[in-house]
Amino acid sequence: MLLPAEKELRSVLARFADARFRHDLQPTGRSSRELEETSHTLCLMTGTRSVDEALAAADDLLRKLRAERRAVTRAAQTLAA
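Residues numbered from 1 in each chain as written. Predicted model: local features only at pLDDT ≥ 70, side-chain atom pairs only at ≥ 80, totals over all residues. Heavy atoms only, no water.

Asker: How should I be thinking about the overall build of the protein chain in this particular structure?
Answerer: Each helix and strand counted, the protein chain has 3 helices and 0 strands in total. Its helices and strands taken in sequence order, the protein chain reads α-α-α from the N to the C terminus. The principal-axis extent of the C-alpha atoms belonging to the protein chain is close to 60 × 25 × 15 Å. Burial analysis of the protein chain (81 residues in total) assigns 28% to the buried set. Taking the intrachain contacts of the protein chain between residues at least 6 apart in sequence as the baseline, contacts between residues at least 24 apart amount to 56%. Of the roughly 6,100 Å² that the protein chain leaves accessible, carbon and sulfur atoms contribute 56%. (Helix = DSSP H or I, 4+ residues; strand = E, 2+ residues; numbered from the N terminus. Buried < 20%, exposed > 50% of the residue type's maximum accessible area, 1.4 Å probe, protein only. Contact = heavy atoms within 4.5 Å. Areas by Shrake-Rupley, 256 points an atom, 1.4 Å probe, with all protein chains shown as cover.)

This is the structure we're talking about:
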């Protein structure tokens, strides 16, 4: 599975949260479709079958990306010293 870019993953998570909020606040056919589409995209990006699994996988991936970024920053600081 190809890992999504952090920026793309964060964008889909934001769209999902927005769609979920709007649908929970005032459900319409449009809000339902938007929620379904963003849920599907999130599942595809994370290689999961449910929204709960996708959100957990996205959290794990973002944690890993953050740890990698910190390691690169530390390595660069070490080289600069």
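Asker: Before we go on, may I ask you to explain the side chain of T48 in this structure?
Answerer: Along the chain, T48 turns up in the loop between α2 (29-46) and α3 (51-80). Engagement of the side chain of T48 in a polar contact is seen with the side chain of T46, the distance being 2.9 Å. The contact partners of T48, leaving out residues within four places of it in the chain, are C43, E53, A54 and A57. (Polar contact = N/O pair within 3.5 Å; in protein donor to acceptor, adjacent residues only side chain to side chain.)

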